[in-house]
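Structural features, examined
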Amino acid sequence: MTPTLDAYVILSAALFAIGFLGVLVRRNTLVIYMCLELMLAAATLALVAFSRFNGTEDGDVFVFFILTVAAAEVAVGLAIIVALFKARQTVQVDQLDSLKH
Amino acid sequence: MEQIAFACLSVFTLACALGMVLSKNAVNGAMGLLLCLAGIAGLFVQLHAYLLAFILVLVYGGAIVMLFLFIIMLLDMQGGQPWKFRKLQLVGTLVSAALLIVGLNLLAVHGQFGSGAPVGKGVGSSLDYYSYQLFTTYLLPTQVLGFLLLIAMLGVIVLSRRHPETPEAR
């Protein structure tokens, strides 16, 4: 007895929702960024499950691309956060409000 | 047997994700992300995508989480409120949760998910399948991703360079 596709998709949606919750409620820029990564990983889980259950296997190749884009995104994003910390001495989103109003 | 393994892995993954979101310390959050990714790699193994599980642990666990830990320790962030609920955020959370539940319900009822067994035997760890696909059907995205990585590398170099004309600290 194998788990159904429904179970995988619901699990990946739950992971995505947890990541989204983190993006909404956390105040630390780095933790928000980690939650974004969790959302990407949840999307890859759904892709792999769909390609396994439909027998197409194109989703598996797409996961490769998602991993590459995630790596590039993390490198650039962390560089931006470090530059921001150098300029403002904080990474709390409450205090980074220059664009507000 | 597979059901039990799936249940254990999914509970573990969800618990680690919740731990990451709710932990006050950013280092604990990074460790939660690492464990959560390990759980997702286990789920990949259950889906017969062994190579993807290996690459997930290698790239995410080995490179990305380590980079996060480096930056957390470099910036040495302390204090500040870890989380805060505002009215707007609460409304957004409720609306998105409702949309998610409704969408999943619609998919499960009217969608073409089916309850059948997996089709085919899965890609498994066959590198030749991936390499054939990457160099035939997906040749253009592969090239574009190569350029994307190059541009990202240049961007990181430019961003982390010191600018002599701007003051370092205000």
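Coordinates for the structure precede this section.
Residues numbered from 1 in each chain as written. Chains lettered and ligands numbered in written order. Predicted model: local features only at pLDDT ≥ 70, side-chain atom pairs only at ≥ 80, totals over all residues.

With that settled, consider the overall build of chain A. Within chain A one finds 3 helices and 0 strands. For chain A, the sequential pattern of α-helices and β-strands runs α-α-α. The C-alpha atoms of chain A give a radius of gyration of 17 Å, which is well past the 13 Å a tight globule of 101 residues would have. Over its C-alpha atoms, taken along the principal directions, chain A stretches across nearly 55 × 25 × 25 Å. Counting all 101 residues of chain A, 45% fall into the buried class. (Helix = DSSP H or I, 4+ residues; strand = E, 2+ residues; numbered from the N terminus. Rg over C-alpha atoms; globule rule 2.2 N^0.38 Å. Buried ≥ 20, exposed ≤ 12 C-beta atoms within 10 Å, placed from the backbone.)

Let us look at the interface of chain A and chain B. Counting residues at the interface gives 62 residues for chain A, matched by 72 residues for chain B. Sorting the residues of the side of chain A that touches chain B by element identifies helix 1 (5–25), helix 2 (29–54) and helix 3 (58–88) of chain A as the ones contributing at least two each. Counting residues per element, the side of chain A that touches chain B draws most heavily on helix 3 of chain A, at 22 residues. When the residues that make up the side of chain A that touches chain B are grouped by side-chain class, the tally is 45 nonpolar, 9 polar and 8 charged. (Contact = placed C-beta atoms within 7 Å. Nonpolar A, V, L, I, M, F, W, Y, C, P; charged D, E, K, R; others polar.)

The next point concerns the nonpolar core. In this structure, M34(A), L38(A) and F44(B) are the most contacted members of the largest nonpolar core, which totals 59 residues. Those elements giving two or more residues to this core turn out to be helix 1, helix 2 and helix 3 of chain A together with helix 1 (2–22), helix 2 (26–46) and helix 3 (50–75) of chain B. With 14 residues, helix 2 of chain A is the single largest residue contributor to this core. Beyond its immediate sequence surroundings of up to four residues, L38(A) is in contact with L15(A), I18(A), G19(A), A17(B), M20(B), L33(B) and C36(B). (Core = buried A, V, L, I, M, F, W, Y, C linked by C-beta atoms within 7 Å.)

The next point concerns the environment of Q46(B). All names here are of chain B. The residue Q46 is located in helix 2 in this model. For the pair Q46 and A5, spaced 41 residues apart in sequence, the C-alpha separation works out to 8.5 Å. Q46 has contacts with E2, A5 and F6, leaving out every residue within four places of it along the chain.

Further remarks concern the packing of helix 2 of chain B against helix 3 of chain B. All names here are of chain B. Packing of helix 2 against helix 3 brings their axes to within 9 Å, and their N-to-C directions diverge by 175°. When the interaxial angle is binned, helix 2 and helix 3 end up roughly antiparallel. Contact residues: A26, V27, A30, L33, L34, L37, A38, I40, A41, F44 and V45 in helix 2; Y50, L52, A53, L56, V57, Y60, G61, V65, F68, L69 and I72 in helix 3. In terms of residue class, the contact of helix 2 with helix 3 is made up of 21 nonpolar, 1 polar and no charged. (Axes fitted to C-alpha atoms, helices over the stretch in contact; angles between N-to-C directions. Parallel < 35°, antiparallel > 145°, perpendicular 65-115°, else oblique.)

Turning our eyes to something else, we now look at unusual backbone geometry. Although it is not a glycine, Q89(A) adopts a positive phi angle of roughly 65°. Inspection of the secondary structure puts Q89(A) in the segment after helix 3. Residue classification places Q89(A) among the exposed residues on the basis of 11 C-beta atoms within 10 Å. The backbone of H48(B) shows a phi angle near 65°, a positive value even though the residue is not glycine. Mapped onto the fold, H48(B) is located in the loop between helix 2 and helix 3.

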